[in-house]
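Spelled out from the first residue to the last, the chains are:
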Amino acid sequence: MTIRVLIADDHNVVRRGLVFFLNTQNDIEIVGEAKDGKEAVEKAKTLLPDLILIDLNMPVMNGIEATRAIKQSHGQIKILILTSFSDQDHVLPAMEAGADGYQLKDIEPDALIHSIHAVMQGENDLHPKATTEVLKSLSSKNRHRPIDDLTKREKDVLREIVKGKSNKEIASALFISEKTVKTHVTNILSKLELADRTQAAVYAVKSGFFK
């Protein structure tokens, strides 16, 4: 099967170099080029390539915005990022926008071909540095829990809520005013992004709050 590829990069030398190299591959056909994200979005609609090889730092519309727009309208098109940036500020937004792969421009030619094939087969092919940034982010998210943002007093109130106590009963147990309890409850629901105290109680139990 021939893979129809659209190349998007604002640097003409890079773009032409990719075209020249990929044209040497028997199963790859270059169907178009784009010099910025906006043009990439427009050509994706008219050319309907199988895969788009796209840079991130481009004028008019960057690669992340272009990726998001293309995926929203043509989700079947595979998008492989080819850029110089490997930090979280670029890797994570690109993957969240829907990119299927993420490679750096220092990639070896044979490795790029392998990456294109991997992405076409449904794999999320990432450069090791990009993978590291994704794992760092996931690790950070797993360590932090919204419930950890509660103050000590808010946690005291939450414990009483789990026991099924009313605001009046909580006020009595903690030796604070009922008005203060209401304020704490409001803050708890806001920080945990929950609708009511029942949800807060369930959340507290499921999160292992009492362990």
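Basis of the calculations
Residues numbered from 1 in each chain as written. Predicted model: local features only at pLDDT ≥ 70, side-chain atom pairs only at ≥ 80, totals over all residues. Heavy atoms only, no water. Pairing = 2+ DSSP bridges. Helix = DSSP H or I, 4+ residues; strand = E, 2+ residues; numbered from the N terminus. Contact = heavy atoms within 4.5 Å. Axes fitted to C-alpha atoms, helices over the stretch in contact; angles between N-to-C directions. Expected span 1.5 Å × (residues − 1). UniProt positions renumbered as here; feature names shortened; annotations may be inferred. Core = buried A, V, L, I, M, F, W, Y, C linked by side-chain atoms within 4.5 Å. Buried < 20%, exposed > 50% of the residue type's maximum accessible area, 1.4 Å probe, protein only. Salt bridge = Lys/Arg side-chain N within 4 Å of Asp/Glu carboxyl O. Parallel < 35°, antiparallel > 145°, perpendicular 65-115°, else oblique. Nonpolar A, V, L, I, M, F, W, Y, C, P; charged D, E, K, R; others polar.

## With respect to the sheet that holds strand β3 (residues 51-54)
Next, step 1: With parallel pairing, the six strands of this open sheet are ordered in space as β2-β1-β3-β4-β5-β6. The open sheet is flanked by β2 (28-34) and β6 (125-126), the only strands paired with a single partner.
Next, step 2: Pairing analysis gives four bridges linking strand β4 (residues 78-83) to strand β5 (residues 101-104), with the strands arranged parallel. Its bridge partner being in β5, Ile-81 is matched across the sheet by Tyr-102.
Next, step 3: Taken strand by strand, helix α1 (residues 12-22) contacts β1 (3-8), β2, β3 and β4, and its axis lies near 165° from that of β2.

## Concerning helix α5 (residues 109-120)
Next, step 1: Between its first and last C-alpha, α5 extends 17 Å over twelve residues, near the 16 Å set by a 1.5 Å rise per residue.
Next, step 2: Backbone geometry just downstream of α5 places Gly-122 in the positive-phi region, at approximately 95°.

## Focus on the UniProt feature "modified residue: 4-aspartylphosphate" (unreviewed entry) in the protein
Next, step 1: Mapped onto this numbering, the UniProt entry gives "modified residue: 4-aspartylphosphate" (unreviewed entry) at Asp-55.
Next, step 2: If sequence neighbours within four positions are ignored, Asp-55 has contacts with Ala-8, Asp-9, Asp-10, Gly-63, Leu-82, Thr-83 and Lys-105.

## What to know about the nonpolar core
Next, step 1: If you look at the biggest cluster of nonpolar residues, it comprises 24 residues, and the most contacted ones within it are Ile-52, Ile-54, Ile-70, Ile-81 and Tyr-102.
Next, step 2: Contributing elements (two or more residues each) for this core: β1, α2 (37-47), β3, α3 (63-73), β4, α4 (88-97) and β5.
Next, step 3: Not counting residues up to four positions away in its chain, the partners in contact with Ile-52 are Leu-6, Ala-44, Ile-70, Ile-77, Lys-78, Ile-79 and Leu-80.
Next, step 4: Val-5, Ile-28, Ile-30 and Leu-53 belong to the second largest nonpolar core, which has 17 residues in total.

## Focus: the side chain of Thr-83
Next, step 1: By the element assignment, Thr-83 lies in strand β4.
Next, step 2: Discounting chain neighbours no more than four positions away, the residues touching Thr-83 are Asp-55, Leu-56, Tyr-102, Gln-103, Leu-104 and Lys-105.

## Here's the deal with the pattern of salt bridges
Next, step 1: Scanning the model with the defined rule gives 14 salt bridges in all.
Next, step 2: One salt bridge connects Lys-105 with Asp-9, and the closest N-O pair in it is separated by 2.9 Å. Of the two residues, Lys-105 is situated in the loop between β5 and α5 and Asp-9 in the loop between β1 and α1; the sequence distance between them amounts to 96 residues.
Next, step 3: The exposure class of Lys-105 is partly exposed, given its relative accessible area of 30%.
Next, step 4: Taking the shortest distance from any N to any O, the salt bridge between Lys-35 and Glu-39 comes out at 3.3 Å.
Next, step 5: In this structure Glu-39 comes out as buried when scored by relative accessible area, which is 18%.
Next, step 6: What emerges from the salt-bridge pattern is a single network uniting Lys-152, Arg-153, Asp-156 and Arg-159.

## Comments concerning the packing of α1 against α5
Next, step 1: Closest axis-to-axis distance for the α1/α5 pair is 12 Å, and the angle between their directions is 80°. By the angle class used here, α1 and α5 are roughly perpendicular. Every residue of α5 that contacts α1 at Leu-18, Phe-21 and Leu-22 is listed here: Pro-109, Leu-112, Ile-113 and Ile-116.
Next, step 2: Of the residues contributing to the contact of α1 with α5, the split by class is seven nonpolar, no polar and no charged.

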